[in-house]
Amino acid sequence: MITVAKALSGGFVPTGAVLVSRAAFDRVFDGMERGVRHGSTFAATTWRRRRASRTLRVLARDGLVERAARLATCCSS
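Residues numbered from 1 in each chain as written. Predicted model: local features only at pLDDT ≥ 70, side-chain atom pairs only at ≥ 80, totals over all residues. Heavy atoms only, no water.

Caption draft 1: Here's a closer look at the environment of Val-58. As for its position among the elements, Val-58 is in helix H3 (residues 46–61). Taking the relative accessible area as the measure of exposure, Val-58 reaches 31% and is therefore partly exposed. The spatial distance from the C-alpha of Val-58 to the C-alpha of Gly-10 is 9.9 Å, given a sequence separation of 48 residues. (Helix = DSSP H or I, 4+ residues; strand = E, 2+ residues; numbered from the N terminus. Buried < 20%, exposed > 50% of the residue type's maximum accessible area, 1.4 Å probe, protein only.)

Caption draft 2: Inspection of H3 at higher detail. End to end, H3 covers 22 Å across 16 residues, agreeing with the expected 22 Å (1.5 Å per residue, within 8%). By the burial criterion, the buried members of H3 are Arg-48, Arg-51, Ala-52 and Thr-55. Viewed end-on, H3 has its buried residues packed into an arc of 95°, placing them on one side of the element. More than 90 degrees from the buried face of H3, the exposed residues found are Arg-57, Ala-60 and Arg-61. (Expected span 1.5 Å × (residues − 1). Arc of directions from axis to C-beta.)

Caption draft 3: Region of interest: a nonpolar patch on the surface. On the surface, a nonpolar cluster with roughly 380 Å² of combined accessible area is contributed by Leu-56, Val-58, Leu-59, Leu-64 and Val-65. Listing elements by their share of the nonpolar patch, those giving two or more residues are H3 and helix H4 (64–75). (Patch = residues over 30% accessible without salt bridge, like charges linked within 9 Å, V, L, I, M, F, W, Y side chains within 5 Å. Areas by Shrake-Rupley, 256 points an atom, 1.4 Å probe, with all protein chains shown as cover. Salt bridge = Lys/Arg side-chain N within 4 Å of Asp/Glu carboxyl O.)

Caption draft 4: Representation of the confidence of the model for the protein in the model. Put simply, the protein has an average pLDDT of 77, and 78% of its residues get 70 or more. The weakest mean pLDDT in the protein belongs to helix H2 (residues 32–35) at 61; the strongest belongs to H4 at 87. (pLDDT = per-residue confidence, 0-100.)

Caption draft 5: Representation of the side chain of Arg-51. Mapped onto the secondary structure, Arg-51 falls in helix H3. One buried charged side chain, Arg-51, makes no salt bridge at all; its nearest oppositely charged neighbour is Asp-62, positioned 13 Å away. Filtering out sequence-adjacent residues up to four positions away, Arg-51 remains in contact with Leu-8, Ser-9 and Phe-12. (Lys, Arg positive; Asp, Glu negative; His and termini not counted. Contact = heavy atoms within 4.5 Å.)

Caption draft 6: Quick look at the environment of Asp-62. Tracing the chain through its elements places Asp-62 in the loop between H3 and H4. Residue classification places Asp-62 among the partly exposed positions, given a relative accessible area of 40%. There is a polar contact of 2.8 Å between the side chain of Asp-62 and the side chain of Arg-61. (Polar contact = N/O pair within 3.5 Å; in protein donor to acceptor, adjacent residues only side chain to side chain.)

Caption draft 7: Structural view of the environment of Arg-54. By the element assignment, Arg-54 lies in helix H3. Classification of Arg-54 as partly exposed rests on a relative accessible area of 41%. C-alpha separation for the pair Arg-54 and Leu-8, spaced 46 residues apart in sequence, amounts to 9.1 Å.

So, in structure tokens, the structure goes:
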């Protein structure tokens, strides 16, 4: 499981998420009803989800995850 926040919305609004593999999710939760819980002051809104979705599209479009992996490999000592 990986938690992400702040930059997920491109810095516009407080937004966070938890990334988890299907295998881990299936071992912990028996369905989305139990898997999705909101325990924050910031309510989930359509606007926040759109911001996060746009940020993820830019990451994919520009290959930023792959670039970060290449830089980490070539520059680590």
